[in-house]
Number of protein chains: 2
Amino acid sequence: MNMRSASTEDVTAAARIRDAAITRFGEHGYDGTSLRDIARDAGVSAALVMHHFGSKDGLRQACDEWLVAELMGEKAKSSAPAIADSLRGWLDSPEQFRPFIDYFATMLAAGGDGGNRLFDRLLRETAAMLDDGVANGTMQPSADPEMRAIMITLNGLAPLLLRDQLTRVLGSSIASVAGIRRMTVPTLELYTHGLYTDSSVLDAARIALEGTVETGGTLRSDKGPGNPNQDPDPPRSVLDHSP
Amino acid sequence: MNMRSASTEDVTAAARIRDAAITRFGEHGYDGTSLRDIARDAGVSAALVMHHFGSKDGLRQACDEWLVAELMGEKAKSSAPAIADSLRGWLDSPEQFRPFIDYFATMLAAGGDGGNRLFDRLLRETAAMLDDGVANGTMQPSADPEMRAIMITLNGLAPLLLRDQLTRVLGSSIASVAGIRRMTVPTLELYTHGLYTDSSVLDAARIALEGTVETGGTLRSDKGPGNPNQDPDPPRSVLDHSP
DNA sequence: CACTCGACTGAACAACTGTTTAGCATCATG
DNA sequence: CATGATGCTAAACAGTTGTTCAGTCGAGTG
């Protein structure tokens, strides 16, 4: 686990600028940060930022690339998942790596080349992990493995993107190890026993989806307004579109 | 299901300004949008925006409150979950409600009073749904119901916050009904059968967490560097902190 | 009618934005 | 020594920002 840049300090002005930019971009966003803010944090003039990075967007790209390299750094190490491991390393001492976590989250949410590359890599790692698990017999197969990998990747990133809400509803605790750790059991419960006690909801959704055609328009398995056989309104997750 | 403001047009200048602001804030963010942009979209002068909303931040608050009211509108209707239903309504025709979806996502991610209220409400709805399910016998109990409700709420919101990444990896399809609908089966698979075929990972995590004390510092169930009984390295989700 | 009040505007304001320019040290190399 | 990079800065530039102000228009009211 490498935590260079956070302990071994790179003291060149360019590095200080980059670090200050990552912190401020992660905290206040790209548009919410001015070059002069960054320069002040780094103890340099605004002109030097231009000198080293060409433009504000150039600085952003440099930050993106630095963070991508930091997260994918252990590429040499066989074919083991790299990003997920690096992320777990960060989350083991969240207070120390908070700036990187913040910037990583904004990168993913904002899109852009760096964020896209990170997401793709993360998705590929997840998909590979799932494929291995299915081959192993340790994981359930899926009717739509690609989409399942996407959903599980999204689920894994959700606490990162909504870390402020998470911190708030958890009281004061999170961005701390204890808070993050508390997510382990409920997550593994879900991934082990699921949520429902039987497969009726899944079965119902499968049957309903069979009758629909993918037209791209509004496709619903409309039972008709007068049909008494309407949905028994099972508890559903927000984005669950089972009819 | 009410879709007023999107079909029944409120043509007053203030409403046009508000709609334009929601669209632009959702698309380019608060800092990335100028009052003159909004005014141009609404066909008015920038000064009128100030006249009606006092300041740019006042406009934001008005947008927040309008969207909160829109999402919680059906409060009168018994105690049935309201926000989740409204959201599902939006997601049934995502192209029509895209501006609201975008703004909703940025509200949640940015925090602020409106976003917090929405998240809290959503969390309460989810927790209630889970409690009902457990009481019903249709859902599994949890060792940490509060945290489980949080995690499931986060999971439900993830596709909203990362909708751009979702759109990208799914090809061109999403923000369409078909794309969203494709998430149904993998999600319900996970919620029905879980991911793992047995409970070994969960069991291992439980045992390991028993031995840790919540000090607030770095708490790990360190088996010692020479101990051969180390983690068998099971496949783990990104944020899964099972040791 | 006069008078008020709200919706609305163009023009201006000061502050801030990213960027440019000219120039100052420093230091290695010929 | 001169030469030329290199790291760095103060000052200025042009454009945009949120906001203010004075004032126009029209509808309603006494």
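Keep in mind that this is a model prediction, so the values were computed, not measured.

**Topic: the protein's contact with DNA strand C**
In step 1: Near DNA strand C there are 16 residues, and of these Leu35(A), Arg36(A), Lys56(A), Ser45(B) and His52(B) occur at the shortest range.
In step 2: Counting only the atoms of DNA strand C that lie within 4 Å of the protein, the sugar and phosphate share comes to 59%.
In step 3: In the environment of DNA strand C, a phosphate oxygen lies 3.5 Å from a nitrogen or oxygen atom belonging to the backbone of Thr33(A).
In step 4: Elements with a contribution of two residues or more to the surface near DNA strand C: α2 (35-42) and α3 (46-53) of chain A together with α3 (46-53) of chain B.
In step 5: The greatest single-element share of the surface near DNA strand C, amounting to four residues, is contributed by α3(B).
In step 6: For the surface near DNA strand C, the residue count by class is seven nonpolar, six polar and three charged.

**Remarks on the environment of Gln96(A)**
In step 1: Mapped onto the elements of the fold, Gln96(A) is located in helix α6 (residues 94-110).
In step 2: Note on Gln96(A): relative accessible area 35%, which makes it partly exposed.

**Digging into the relation of the copies chain B and chain A**
In step 1: Superposing chain B onto chain A takes a rotation of 180° plus a shift of 0.0 Å along the axis, which leaves an RMSD of 0.1 Å. Viewed as a symmetry operation, the transformation between the two copies matches a two-fold axis. When each C-alpha of chain B is compared by its distance to the rotation axis, Gly194(B) comes out closest, at 2.0 Å.
In step 2: A shared binding surface is used by both copies, with 100% of the interface residues of chain B retained as interface residues in chain A.

**Here's the deal with the interface of chain B and chain A**
Quoted interface sizes are often the accessible area lost when the parts come together.
In step 1: At the interface, 89 residues of chain B touch 89 residues of chain A.
In step 2: With both chains or domains summed, chain B and chain A bury close to 9300 Å², and 65% of this area falls on carbon and sulfur atoms.
In step 3: Two residues, Arg206(B) and Glu189(A), come together in a salt bridge whose shortest N-O distance is 3.5 Å.
In step 4: Of all elements in the fold, only α5 (83-92), α6 (94-110), α7 (112-136), α8 (145-161), α9 (163-169), α10 (177-181), α11 (184-193) and α12 (200-210) of chain B reach the threshold of two or more residues within the side of chain B that touches chain A.
In step 5: Considering every element that reaches the side of chain B that touches chain A, the biggest residue donor is α8(B), with 14 residues.
In step 6: Classifying every residue of the side of chain B that touches chain A gives 46 nonpolar, 25 polar and 18 charged.

**Looking at the protein's contact with DNA strand D**
In step 1: Taken together, 16 residues form the shell around DNA strand D, and within it Ala13(A), Ser45(A), Leu35(B), Arg36(B) and Lys56(B) come nearest.
In step 2: Each atom of DNA strand D within 4 Å of the protein was assigned to sugar, phosphate or base; sugar and phosphate come to 52%.
In step 3: At 2.9 Å, a backbone N or O of Ser45(A) approaches a phosphate oxygen of DNA strand D.
In step 4: The separation between a phosphate oxygen of DNA strand D and a polar main-chain atom of Lys56(B) is 2.7 Å.
In step 5: Elements that contribute at least two residues to the surface near DNA strand D include exactly α3 of chain A together with α2 (35-42) and α3 of chain B.
In step 6: Looking at the surface near DNA strand D, the element that brings in the most residues is α3(A), giving four residues.
In step 7: A class-by-class count of the residues in the surface near DNA strand D yields seven nonpolar, six polar and three charged.

**Structural notes on the environment of Met183(B)**
In step 1: Looking at the element boundaries, Met183(B) is found in the loop between α10 and α11.
In step 2: With 24 residues separating them in the primary sequence, Met183(B) and Pro159(B) have C-alpha atoms 9.4 Å apart.

Quick notes on the rules
- Residues numbered from 1 in each chain as written.
- Chains lettered and ligands numbered in written order.
- Predicted model: local features only at pLDDT ≥ 70, side-chain atom pairs only at ≥ 80, totals over all residues.
- Heavy atoms only, no water.
- Near = heavy atom within 4 Å.
- Polar contact = N/O pair within 3.5 Å; in protein donor to acceptor, adjacent residues only side chain to side chain.
- Helix = DSSP H or I, 4+ residues; strand = E, 2+ residues; numbered from the N terminus.
- Nonpolar A, V, L, I, M, F, W, Y, C, P; charged D, E, K, R; others polar.
- Buried < 20%, exposed > 50% of the residue type's maximum accessible area, 1.4 Å probe, protein only.
- Least-squares fit on C-alpha atoms with pLDDT ≥ 70 in both.
- Contact = heavy atoms within 4.5 Å.
- Buried area = accessible area lost by both parts, 1.4 Å probe.
- Salt bridge = Lys/Arg side-chain N within 4 Å of Asp/Glu carboxyl O.

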